[in-house]
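Here's the letter readout for the chains.
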Amino acid sequence: MDLLNEIKRVIEVEAASIKALSEQIGPSFTEALALLAECKGKVIVSGVGKSGHIGKKMAASLASTGTPAFFVHSTEGLHGDLGMIQKEDVVILISNSGETSEVLGLLPSLLKIGCKTIAITSRTDSSLSQFCDVALNYQYTSEADHLGLAPTTSSTVTLVIGDALAVALSMSKNFKKEDFHLYHPGGSLGKKLSSQ
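What this report covers is the structure whose coordinates are included nearby. (Residues numbered from 1 in each chain as written. Predicted model: local features only at pLDDT ≥ 70, side-chain atom pairs only at ≥ 80, totals over all residues. Heavy atoms only, no water.)

Some remarks on the overall build of the protein
Basically, it comes down to this: Segments assigned H or I by DSSP are reported as helices when at least four residues long, segments assigned E as strands when at least two residues long, and all are numbered from the N terminus. Only C-alpha atoms enter the radius of gyration; for comparison, a globular chain is expected to reach 2.2 Å times N to the power 0.38, where N is the number of residues. Note on classification: 1.4 Å probe, protein chains only; a residue is buried when its accessible area is under 20% of the maximum for its type, exposed when over 50%, partly exposed between these limits.
Counting its regular elements, the protein contains 10 helices and five strands. Taking 196 residues into account, the globule formula puts the C-alpha radius of gyration at 16 Å, and the protein, at 17 Å, falls close to it. Expressed as lengths along the three principal axes of its C-alpha atoms, the size of the protein is roughly 50 × 50 × 35 Å. Relative to its full complement of 196 residues, the protein shows a buried share of 40%.

Points about the pairing of strand β1 (residues 43–47)
To be explicit about the condition: When DSSP finds at least two bridges between two strands, those strands are taken to pair. A crossover gets the label right-handed when its path from the first strand over the helix to the second runs clockwise, viewed with the strands pointing away from the viewer.
In terms of burial, β1 is largely enclosed, as five of its five residues are buried. Covered by surrounding structure in β1 are V43, V45 and G47 together with I44 and S46, the residues of both alternating faces. Summarising the sheet, β1 and strand β2 (residues 69–73) pair through five bridges and their orientation is parallel. Residue pairing for β2: I44 is matched across the bridge by F70. Between the parallel elements β1 and β2, the chain passes through helix α3 (residues 49–64) in a crossover that is right-handed. Bridge count for β1 against strand β3 (residues 90–94) is four bridges, and the pairing is parallel. The partner of V45 across the bridge, within β3, is I92.

Side note on the packing of α3 against helix α8 (residues 153–172)
Rule in force here: To define axes, lines are fitted to C-alpha atoms, for helices over the stretch in contact only, and angles between the resulting N-to-C directions are given on a 0 to 180 degree scale. The labels follow the angle: roughly parallel below 35 degrees, roughly antiparallel above 145, roughly perpendicular from 65 to 115, and oblique for the rest. Here a crossing is taken to be left-handed if its near helix is turned anticlockwise relative to the far helix by less than a right angle, and right-handed if that turn runs clockwise. Throughout, a residue-residue contact means that at least one pair of heavy atoms, one from each residue, lies within 4.5 Å.
With their axes 9 Å apart at the nearest point, α3 and α8 run at an angle of 15° to one another. Our classification of the angle between α3 and α8 gives roughly parallel. The crossing of α3 and α8 is right-handed. Counted together, I54, K57, M58, S61 and L62 of α3 and S155, T158, L159, G162, D163, A166 and L169 of α8 form the full contact between these two elements.

Concerning the sheet that holds β3
A sheet is described by the order of its strands in space; here five strands give the open sequence β2-β1-β3-β4-β5, paired in parallel fashion. Sheet topology places β2 and β5 (134–137) at the edges, where each strand pairs with a single neighbour. In this sheet, neighbouring strand axes are inclined to one another by 20° on average, regardless of whether the strands run parallel or antiparallel. Across five bridges, β3 lies against strand β4 (residues 116–121) in parallel orientation. Within β4, the residue paired with V90 across the bridge is K116. Packing of helix α2 (residues 27–37) onto the sheet brings it into contact with β1, β3, β4 and β5, and relative to β5 it is tilted by some 130°.

Structure follows, in structure tokens:
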């Protein structure tokens, strides 16, 4: 087996899915950006498994580009961390299938809290899509691993959606280099911005 060709194949599968994603962007993304821009509280991102890892990065990117945000693991949310969420917040819920039990378990409490919700999922007919105020749905041909099972393509596409939302939201807020430096004073980026 030529493993270098396998590496190239994985990259090509994921790259093709990202390219296809740009053709899937529609009114729901405008609606999601409006909810996020009008948010008077914080943006909370939630998920489990690989979606949870992507959610952590999404929250970190939002926070560093001018949108107060943090991550709540869906399982921890079911065991008390929902107390971090308030009515003026927006919650982004990530589940590729839209049927992840831990994520769906949050929905009754989120409804009572009264916060706005955004789903990121591949299925328009899923429970998560149907519940949330806005559903950002994506399609992809297959996962990139040789079994077609491991979250690879789906998690990459979700990551790209998160980056796109963070950047567009940052632009809408007229977020500048000096603002970025305020939130990112350390490391090589902080040093570079300090010298400008």
